Amino acid sequence: MIVCVAVVGHQNNPLYIQSFTEADDALKLHHIVHCSLDVVDERVNNPKKSGPLLNETFLGLLYPTENYKVYGYLTNTKVKFILVTTDLDVKDADVRNFFRRFHAAYVDAVSNPFHVPGKKITSRTFAERVSTIVKAFGLSSAG
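Report follows, based on the coordinates. All figures in this text were calculated on a predicted structure; none of them were measured in a lab.

**Focus on the overall build of the protein**
What the protein contains, in helices and strands, is four helices and five strands. Scanning the protein from its N terminus toward the C terminus, one meets helices and strands in the order β-β-α-α-β-β-β-α-α. Taken over C-alpha atoms, the radius of gyration comes to 14 Å for the protein, in line with the 15 Å a tight globule of 143 residues would show. Summarising its shape, the C-alpha atoms of the protein cover approximately 40 × 35 × 30 Å along the three principal directions.

Rendered as structure tokens:
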């Protein structure tokens, strides 16, 4: 089950963060997302040590914790997508598919002429689309 998704700008500023758990966990999930940015920067700045190719946008598993797994994705414009899940046996193909759909929703949201680049994403349509993608991920990874 996905517990949190985040969009982080190229200057590590949060553009969108949504948790899908109780309010008590929100601060902990924000901390996990913030900590994952160090791992993303390390992988981007030292590509030889970590494996993914320079043109690979899916960063894979950033790090596991006791209760969560954190995955990352980097767009061509250096915007980072972070996914925090409680599924400890999730497949990389499912996560790639999630990020592909999430990226399409993000592109639609920032293509809105009323969106100011670099500012937080406040679109209700984007939030609804993200919720739909998260629910679909839960169904596909369960089966």
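Next comes the rest of the account.
**Description of the environment of valine 8**
Among the secondary structure elements, valine 8 is positioned in strand E1 (residues 2–8). For the pair formed by valine 8 and histidine 34, sequence separation is 26 residues and the distance between their alpha carbons is 9.2 Å. In contact with valine 8, other than residues within four places in its own chain, are Asn13, Pro14, Leu15, Val33, Leu37, Lys78, Val79 and Lys80.

**Some words on the sheet that holds strand E3 (residues 58–64)**
Read from one edge of the open sheet, five strands run E2-E1-E5-E4-E3, paired in antiparallel fashion. Each edge of the open sheet is held by one strand with a lone partner, namely strand E2 (14–19) and E3. Averaged over all neighbouring strand pairs, the angle between strand axes comes to 15°, with direction disregarded. One ladder, built from six bridges, connects E1 with strand E5 (residues 80–85); its direction is antiparallel.

**So, the packing of aromatic side chains**
In total, this model carries ten aromatic pairs according to the counting rule given. Aromatic side chains tyrosine 73 and phenylalanine 99 sit 5.3 Å apart centroid to centroid with 25° between the ring planes, which places their arrangement in the stacked category. On the criterion of sequence distance, the pair formed by tyrosine 73 in strand E4 (residues 69–74) and phenylalanine 99 in helix H3 (residues 92–110) is long-range, its members being 26 residues apart. Across this residue pair, the class does not change: tyrosine 73 and phenylalanine 99 are buried. Measuring from ring centre to ring centre gives 5.6 Å for phenylalanine 98 and phenylalanine 99, while their planes differ by 65°; the resulting arrangement is edge-to-face. Take phenylalanine 98 and phenylalanine 99: they sit in the same class, and that class is buried. Each member of the aromatic cluster is reached from another via a ring pair, and the members are Tyr16, Phe58, Tyr73, Phe81, Phe98, Phe99, Phe102, Tyr106, Phe126 and Phe137.

**Here we look at unusual backbone geometry**
With a phi close to 60°, asparagine 12 is a non-glycine residue in the positive phi region. Of note, asparagine 12 is situated in the loop between E1 and E2. Given the relative accessible area of 31%, asparagine 12 is considered partly exposed. Here the phi dihedral of lysine 78 falls at roughly 65°; this positive angle occurs in a residue that is not glycine. Summarising the element assignment, lysine 78 is placed in the loop between E4 and E5. Lysine 78 gets classed as partly exposed once you look at its relative accessible area, which sits at 44%.

**Some words on the nonpolar core**
Core analysis: the largest hydrophobic core is formed by 25 residues, its most contacted members being Val5, Val7, Phe98, Phe99 and Phe126. Listing elements by their share of this core, those giving two or more residues are E1, E2, E4, E5, H3 and helix H4 (124–142). The element contributing the most residues to this core is H3, with seven residues. Those residues in contact with phenylalanine 98, other than ones at most four positions away along the chain, are Ile2, Val5, Leu83, Ile133, Val134 and Phe137. With 17 residues, the next largest nonpolar core counts Val3, Val33, Tyr63 and Val84 among its residues.

Basis of the calculations
- Throughout, residues of each chain are indexed from 1 in the direction in which the sequence is written.
- Per-residue local features of the predicted model are confined to residues with pLDDT of at least 70, and side-chain atom pairs are confined, for both listing and counting, to 80 or more; whole-chain, interface and lining totals are unaffected and use all residues.
- As a rule here, side-chain values come from all non-hydrogen atoms in the structure, and water together with hydrogens is ignored.
- Helix and strand assignments come from DSSP, with helices taken as H or I runs of at least 4 residues and strands as E runs of at least 2, each series counted from the N terminus.
- As defined in this context, the radius of gyration uses C-alpha atoms, and a globule is described by 2.2 Å times the residue total to the power 0.38.
- Here, residues are in contact when the closest pair of their heavy atoms is within 4.5 Å.
- Two strands make a pair as long as DSSP finds a minimum of two bridges between them.
- Interaxial angles span 0 to 180 degrees and are taken between N-to-C directions of axes, which are lines fitted to C-alpha atoms, for helices over the stretch in contact.
- Working definition: rings of Phe, Tyr and Trp (its six-membered ring) pair if their centres are within 6.5 Å, and the pair is stacked with planes under 30 degrees apart, edge-to-face with planes over 60 apart, and tilted otherwise.
- Burial here depends on accessible area, computed with a 1.4 Å probe over protein chains only, as a share of the maximum for the residue type. Under 20% is buried, over 50% is exposed, and the range in between is partly exposed.
- The term nonpolar core refers to a set of buried residues drawn from Ala, Val, Leu, Ile, Met, Phe, Trp, Tyr and Cys, joined through side-chain atoms within 4.5 Å.

It is worth stressing that arrangement in space is one thing and function is another; only the former is reported here.
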